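What the coordinates show
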Amino acid sequence: ASRHQASGSMTGAHPLTSTRVPQSNGMKLLSPAAISLLCLSVLPLVRADCLSNPVLESDFRGFLGVNHVTSLPTEGSCCQKDICNIPCPAEEDPPPNGFLIAVAISITMSGAIGLASLYLVRGKNVNFFVAGRTLPLSVISLTLAASSIDSNALLGNADLAYKFQFWDGAVLPIGLALSLFLNGMFLARHIRREETLTLPEVYGRYYGTIVEVIVSLITIVSFIALLAGNLVGMGKIITFVSPQIPFVGAVFLSGTIILIYTVTGGFFAIASTDVFQMTIGLSGILVTAYYLIANSPLAAAPTSIGAPGYVYPDAASCAMYEGVPCSVDASQCCYNTHKWCPNPNYGASGCRTDNFAYPFGDAPIIYAEMGDPNALGPFPNAIFWNWSTILILGFGNLAALDFQSRCMASRTEAIATAGSFIASAVTLFVGIPFSYLGAITRAYYGPDSPFAMFEADTCHRALDLPTCALWVPDEFGFLKLLANVALTPRFIGGWCLVAIVAASMSTSSGAILATSTVAAHNIARNIPRLGVSEKNLLLVARVFGIPVTLCACCVASFSSSSSTGYLLIVAFDIMLAGCIVPLFACFYVKEASPSAALVSVIGGSLLRVILEGTLPKDGYLILPYPGDNFLDYGAASSSQLPSFLDVPLGDKWDAGSCEQTRLSDFTGVDSLASPLFCLILFFSIHYGEKFFGKKLFTHRLLAPIPKPLYYDASKSDMKPDADLIEKPTQLELSTD
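What you are looking at is a predicted structure, and each value in this text was computed from that prediction instead of being measured.

Summing up its helical and strand segments, the protein has 24 helices and eight strands in all. Within the protein, the proportion of its 736 residues that are buried is 60%. Counting every atom, the protein has about 26,800 Å² of accessible surface; 65% of that belongs to carbon and sulfur.

What follows concerns the packing of helix α22 (residues 594-614) against helix α23 (residues 669-692). Two elements in contact, α22 and α23, have axes separated by 8 Å at closest approach and are oriented at 155 degrees. Taken together, the axis directions place α22 and α23 in an arrangement best described as roughly antiparallel. Read as a crossing pair, α22 and α23 show a hand that is right-handed. Contact residues: Ser595, Ala596, Ala597, Val599, Ser600, Gly603, Gly604, Leu607, Arg608, Leu611 and Glu612 in α22; Asp670, Ser671, Ala673, Ser674, Phe677, Cys678, Leu681, Phe682, Ile685, His686 and Glu689 in α23. Taken together, the residues that form the contact of α22 with α23 break down as 11 nonpolar, seven polar and four charged.

Running from amino to carboxyl end, helix α8 (residues 166-193) crosses helix α16 (residues 413-445) at an angle of 180 degrees, the nearest separation of the two axes being 8 Å. When the interaxial angle is binned, α8 and α16 end up roughly antiparallel. Tallied by class, the residues present in the contact of α8 with α16 amount to 16 nonpolar, nine polar and four charged.

Under the definition given, this model contains 24 aromatic pairs. Ring centres of phenylalanine 60 and phenylalanine 63 lie 5.6 Å apart, and the angle between their planes is 90 degrees; on these two criteria the pair is classed as edge-to-face. Of this pair, phenylalanine 60 and phenylalanine 63 both sit in helix α1 (residues 54-64), three residues apart, which is roughly one turn of that helix. Side by side, phenylalanine 60 and phenylalanine 63 carry an identical accessibility label, which is buried. Ring plane angle 55 degrees and centroid distance 5.5 Å describe the contact between phenylalanine 181 and phenylalanine 421, whose orientation is recorded as tilted. Of the two residues, phenylalanine 181 is situated in helix α8 and phenylalanine 421 in helix α16; the sequence distance between them amounts to 240 residues. According to the relative accessible area criterion, phenylalanine 421 is partly exposed, its value standing at 31%. Grouping aromatic residues by their ring pairs yields a cluster made of Tyr310, Tyr312, Tyr321, Trp340 and Phe356. Over the ring of tryptophan 340 we find lysine 339, and its NZ or CZ is 4.9 Å from the ring centre. Geometry around tryptophan 340 places arginine 352 over its ring, the cationic atom sitting 5.0 Å from the centre.

Right, let's get into the environment of alanine 499. Mapped onto the secondary structure, alanine 499 falls in helix α18 (residues 490-523). Not counting chain neighbours up to four residues away, the residues in contact with alanine 499 comprise Gly281 and Ile285.

Formed by 150 residues in total, the largest nonpolar core has its most connected members in Phe434, Phe478 and Phe572. In terms of residue count, helix α10 (residues 209-241) provides more of this core than any other element does, 17 residues in total. Among residues more than four places away in sequence, those in contact with phenylalanine 572 are Ser222, Phe223, Leu226, Ile392, Leu393, Gly396, Asn397 and Ala400.

Right, let's get into the state of the cysteines. Enumeration over the complete set of coordinates arrives at seven disulfides. Disulfide pairing is shown between cysteine 326 and cysteine 334; the S-S distance is 1.9 Å. Between cysteine 326 and cysteine 334, the disulfide has an S-S torsion of 100 degrees and is therefore right-handed. Taking the relative accessible area as the measure of exposure, cysteine 334 reaches 5% and is therefore buried. Between the sulfur of cysteine 341 and that of cysteine 351 lies a disulfide, 1.9 Å long from S to S. Where cysteine 341 bonds to cysteine 351 through sulfur, the torsion about that S-S bond is close to 115 degrees, and the disulfide is right-handed. Of this pair, cysteine 341 sits in the loop between α13 (337-340) and α14 (383-396) while cysteine 351 sits in the loop between α13 and α14, placing them 10 residues apart in sequence.

With that settled, consider unusual backbone geometry. Trans is the common state for peptide bonds, and a negative phi is the common state for residues other than glycine. For the bond running from leucine 72 to proline 73, omega is 10 degrees, close enough to zero to count as cis. Looking at the secondary structure, you find proline 73 in the loop between α1 and α2 (79-84). Following glycine 377, the chain continues to proline 378 via a peptide bond in cis, the omega torsion being 10 degrees. Positioned with a positive phi, glutamate 322 is a non-glycine residue whose angle comes to about 55 degrees.

This part takes up the confidence of the model for the protein. For the protein, the average pLDDT comes to 83, and 83% of its residues sit at 70 or higher. Predicted confidence in the protein is weakest over strand β4 (residues 38-39), with a mean pLDDT of 30, and strongest over helix α21 (residues 580-588), with 98. Segment residues 123-128 is flagged for pLDDT under 50; beyond a separation of four residues in sequence, or across chains, it makes 28 contacts in the model. Predicted confidence for residues 710-736 stays below pLDDT 50, and this span has 55 contacts to residues more than four positions away or in other chains.

Its 14 residues place the ends of α14 19 Å apart at the C-alpha level, agreeing with the 20 Å of an ideal helix rising 1.5 Å per residue. Among the 14 residues in α14, 10 count as buried, and that is most of the element.

Moving on, we come to the environment of leucine 568. Note on placement: leucine 568 falls in helix α20 (residues 564-578). Residues leucine 568 and serine 151 lie 417 residues apart in sequence; the distance between their C-alpha atoms is 9.6 Å. What leucine 568 contacts, discounting residues up to four positions off in sequence, is Asn152, Leu172, Leu176, Leu226 and Leu393.

This part is about α8. For α8, spanning 28 residues, the distance from its first C-alpha to its last is 39 Å, which sits close to the expected 40 Å at 1.5 Å a residue. Along α8, the largest kink reaches about 60 degrees and is centred on leucine 187. With its phi angle positive at about 55 degrees, glutamate 195 sits one or two positions after the end of α8.

Bringing a nonpolar patch on the surface into the picture now. Taken together, Phe181, Met185, Phe186, Phe421 and Tyr588 make up a surface patch of nonpolar side chains, about 440 Å² in accessible area. No other element matches α8, which puts three residues into the nonpolar patch. Mapping tyrosine 588 onto the fold places it in helix α21. Classification of tyrosine 588 by relative accessible area gives partly exposed; the value is 41%.

As enumerated under the stated definition, the model contains 15 salt bridges in all. As a salt-bridge pair, arginine 608 and aspartate 670 come within 3.0 Å of each other at their nearest N and O atoms. One end of the pair, arginine 608, is in helix α22; the other, aspartate 670, is in helix α23, with 62 residues separating them in the sequence. With a relative accessible area of 12%, arginine 608 lands in the buried category. The network of salt bridges with common partners includes Asp573, Arg608, Glu612, Lys617 and Asp670.

Conventions used here
- Residues numbered from 1 in each chain as written.
- Predicted model: local features only at pLDDT ≥ 70, side-chain atom pairs only at ≥ 80, totals over all residues.
- Heavy atoms only, no water.
- Helix = DSSP H or I, 4+ residues; strand = E, 2+ residues; numbered from the N terminus.
- Buried < 20%, exposed > 50% of the residue type's maximum accessible area, 1.4 Å probe, protein only.
- Areas by Shrake-Rupley, 256 points an atom, 1.4 Å probe, with all protein chains shown as cover.
- Axes fitted to C-alpha atoms, helices over the stretch in contact; angles between N-to-C directions.
- Parallel < 35°, antiparallel > 145°, perpendicular 65-115°, else oblique.
- Left-handed = near helix turned anticlockwise from the far one by under 90°.
- Contact = heavy atoms within 4.5 Å.
- Nonpolar A, V, L, I, M, F, W, Y, C, P; charged D, E, K, R; others polar.
- Phe/Tyr/Trp six-rings, centres within 6.5 Å; stacked < 30°, edge-to-face > 60°.
- Lys NZ or Arg CZ within 6 Å of the ring centre and 35° of its normal.
- Core = buried A, V, L, I, M, F, W, Y, C linked by side-chain atoms within 4.5 Å.
- Disulfide = S-S within 2.5 Å.
- pLDDT = per-residue confidence, 0-100.
- Expected span 1.5 Å × (residues − 1).
- Bend = angle between axes of the 7 residues up to and from the residue.
- Patch = residues over 30% accessible without salt bridge, like charges linked within 9 Å, V, L, I, M, F, W, Y side chains within 5 Å.
- Salt bridge = Lys/Arg side-chain N within 4 Å of Asp/Glu carboxyl O.

Here is the structure:
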């Protein structure tokens, strides 16, 4: 799930690359290099040689005077130092031990509260699955907000905004908030009125058992991805505060703890821990975000000062750093060596320099990003994918098991509706500030920082970079910002880490409960030979929690630690393809056709799978727009200098030597085409049956399942039932 995107506000500028300036002894020394576009694709960052072209690497060994070595980097150095003279990434101090203690206490307290909820279950199914349908507005609002404010909407949001730009992170909370708003507008009251245990059971009420089972399978796959995304976030935090614990171990540790208290206390455990987690979490998240926004010395990286030989791109940057006429071309303004190099005997190390990453400065937000594909030039803009993300989350999340299980647990329909609206506002209020933190993180851990890492064997003609074109973001960049006591008070940073862990545990526990309930109630219970009934449903659901959690842990373990936000989108992309149209039809289409639901669920989901394998996808989520902005990186192509240095024309590289291919990824097209196809299928069959007066399929498994005897549609707000009456299986219905 890799892609290119802007690393900051270039506003049309060309960042700098590896540079060499003539020295008095005739040797050429490499000067600092700069930014490039982020690519999360698998690149050989550790290799025997720095460059894939042995002839080109030989040139650089000659510049360094180390022809006797067989390959670069030299001992004690790194590729970006030997090829581009960019200092090797500085070492960061480990986080304070207090961070580990705070995270451990938070996890322990959440687990203890969850285990204590066993008393409230009292062996009753309705208590375990939907908390007796007794939850008030305050709890419902917090639990709905907790289900959207997790490590995906927080850590994934901040990471994406750091690696790319503001809107790349902000689309996550925007999409989730849109989903909660739409849920309150169209679905929450209907879902609560149905008095079901799970969302797939609603499909069964209107379309029959076979649709219920198919939707159940789809939701299980979806929520394993969602659970995995949150386990990735928790594993990442645990590994950060305790480096001796490997990432995979942290993932399985997190999954085990959450599984234990979830299968013990059920939805009461989720609701109880949600109140604790969101009380601690929301306050910590808001305090951290607004403190950094108000108090960080840098809201975004400033205009780069450059280094000796650097030509300033405009009069403003020249005046800012008191530039002087260049030596080769006096009509241009260059870096002021006499002002910024107080001790020239020490060379560049005695100068105030940077990596030339931001010729025009970075910006916290580029508003045109969501409206103009070229807004981030010279970088590509994933504008189509960002809009697709909002729609995927906004509509796909309407079929989220954890969202709707919270509506089912509400005391009344009005509470389910109001809680959705409140949670939507809270999600925006909490999530959007985290997107602003991306630029702050780039300012201190971005391409112009001492911690910057570059892939030496890359070039890009739009960036005028013959080597060291690719900036490799720090996967722990945002977490390091929280642990940097010079920027964030230790207490506030630790508080935020605890908040993210708490939010992740909340969503994870909801995902485990919802998925295991669906597996037991909607799949196993519809297979008579398994002998699952109301009497043993609680036990079966608890048992199913084990393989669900194990699968999610495996998915998380094989995922990148930077895949939190992506797994969130994958989860609801799965649901959007074939499940949303039939869900709306349950309540807004009179006598919706079960045959139409069956064909549309299968057709939409199947088309999504087909398009995934047939549409052009290079992994970068960028449509093939014209222009050099939308070219992939090439391998390092020249040992000469970029054109923005004050050197003779003959020493400047030929940008045409960088061999690049056009980015071409239609991800998002498949995500939106599939539900549209599902919509066409549903209404074609639904109205076709009415026109011809004949059903497409008449199998008994497509017979809508009657509502339980306790159901009373005349009541707008149902009182909580004492316990569920056992639902007859399709075999019993057909026999009767």
